[in-house]
There are 2 protein chains.
Amino acid sequence: MDDSLFRALADPTRRKILELLTEKDRTAGEIAEQFPIAFASVSHHLGVLKAADLVATEREGQFIRYRLNTTVFQEVVRYFMTRFGGEPHA
Amino acid sequence: MDDSLFRALADPTRRKILELLTEKDRTAGEIAEQFPIAFASVSHHLGVLKAADLVATEREGQFIRYRLNTTVFQEVVRYFMTRFGGEPHA
DNA sequence: GCGATAATTAGATAATTGTATAAATATCTA
DNA sequence: TAGATATTTATACAATTATCTAATTATCGC
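Residues numbered from 1 in each chain as written. Chains lettered and ligands numbered in written order. Predicted model: local features only at pLDDT ≥ 70, side-chain atom pairs only at ≥ 80, totals over all residues.

1. Considerations on the pairing of strand 3 (residues 63–68) of chain A
Residues and elements named next belong to chain A.
Okay, so step 1: By the bridge criterion, two bridges tie strand 1 (residues 26–27) to strand 3 in an arrangement that is antiparallel. Counterpart to T27 in the pairing with strand 3 is R65.
Okay, so step 2: Following strand 2 (residues 55–60), the chain reverses through two residues before pairing antiparallel with strand 3; G61 in that reversal takes a positive phi of roughly 65 degrees. (Pairing = 2+ DSSP bridges. Helix = DSSP H or I, 4+ residues; strand = E, 2+ residues; numbered from the N terminus.)

2. With respect to the sheet that holds strand 1 of chain A
Within a sheet, each strand pairs with its neighbour through backbone hydrogen bonds, oriented either parallel or antiparallel.
Okay, so step 1: Sheet architecture is open: three strands sit in the order 1-3-2 (chain A), paired in antiparallel fashion. Edge positions in the open sheet fall to strand 1 and strand 2 of chain A, since each of these has one partner strand only.

3. What about the protein's contact with DNA strand C?
Okay, so step 1: Around DNA strand C there are 26 residues in total, and A:I37, A:G61, B:T27, B:G29 and B:A40 lie nearest to it.
Okay, so step 2: Ranked by residue count, the leading element in the surface near DNA strand C is helix 4 (residues 39–51) of chain B, at six residues. (Near = placed C-beta within 6 Å.)

4. Topic: unusual backbone geometry
Okay, so step 1: For A:D53, which is not glycine, the phi torsion reads 65 degrees and is therefore positive.
Okay, so step 2: With respect to the element layout, A:D53 can be found in the loop between helix 4 (39–51) and strand 2.

5. Side note on the nonpolar core
Okay, so step 1: Of all hydrophobic cores here, the largest spans 37 residues; its most connected members are A:L46, A:L49, A:V55, B:L18, B:L21, B:L49 and B:V55.
Okay, so step 2: Discounting residues that sit within four places of it in the chain, B:L21 has contacts with B:R26, B:V55, B:Y66, B:R67 and B:L68. (Core = buried A, V, L, I, M, F, W, Y, C linked by C-beta atoms within 7 Å. Buried ≥ 20, exposed ≤ 12 C-beta atoms within 10 Å, placed from the backbone. Contact = placed C-beta atoms within 7 Å.)

6. A closer look at the interface of chain A and chain B
Okay, so step 1: Taken together, the contact between chain A and chain B spans 23 residues of the former and 22 residues of the latter.
Okay, so step 2: Listing elements by their share of the side of chain A that touches chain B, those giving two or more residues are helix 1 (3–9), helix 2 (12–23) and helix 5 (70–84) of chain A.
Okay, so step 3: Here the side of chain A that touches chain B is built from residues that sort into 13 nonpolar, five polar and five charged. (Nonpolar A, V, L, I, M, F, W, Y, C, P; charged D, E, K, R; others polar.)

7. Notes on the sheet that holds strand 1 (residues 26–27) of chain B
Okay, so step 1: Across the sheet, which stays open at both edges, the three strands sit in the order 1-3-2 (chain B) with antiparallel pairing between neighbours. For this open sheet the edge positions go to strand 1 and strand 2 (55–60) of chain B, each flanked by a neighbour on one side alone.

8. Digging into the relation of the copies chain A and chain B
Okay, so step 1: With an RMSD of 0.0 Å, the fit of chain A onto chain B corresponds to turning through 180 degrees and sliding 0.0 Å along the axis. Both copies are brought into coincidence by an operation consistent with a two-fold rotation axis.
Okay, so step 2: Of all interface residues in chain A, 96% are interface residues in chain B too; the two copies therefore contact each other through one and the same surface. (Least-squares fit on C-alpha atoms with pLDDT ≥ 70 in both.)

Right, dumping it as structure tokens:
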């Protein structure tokens, strides 16, 4: 379980981006316009999410489309289940 | 889902503390001696974990015993399951 | 109460991070 | 190729955070 994953999840803007991508895949611009911060700042957040492998990208002409990498989320769930999901100890 | 929760999980020392508490409840001192950083720094991390409600404390004489709050972990799992655990979309 | 032990809190500092603006890269259309 | 649009990268800066030492609080045993 990589450190970059948890750091990526620590920012509320990035979690909001992930929730947007739950609904449907979106381009960087479509994502950016949902936030009151500069485009470049959102792009930076997208880079963090990508580095953590939480999202994947695909170029479509001028656009770059972002999608959730659901595999990694399953790993997150498994992380919590195995380590902390058990019975409370004495 | 509170912001403090994800920020608390973002630090590797704090995640290590949580894993130690999975094995058994421990006092602040028992936890601190597992790390190469100053006692007071570990105490600070414990405060962050407590503020996020990831751990609970109980005084035992001179000692303060820490235990996992497993309820919150179940909430974390539920968070990921409901938002990101579904089928990949088209 | 006093000294010792356990732990937290206060104050300072260095490293990290989120954001901004400006510049660069990539693609499209004409 | 030139100009427009989409996005990222570079650079700088302010805010946050992790860590340290020192001081404080709480409890124990004598």
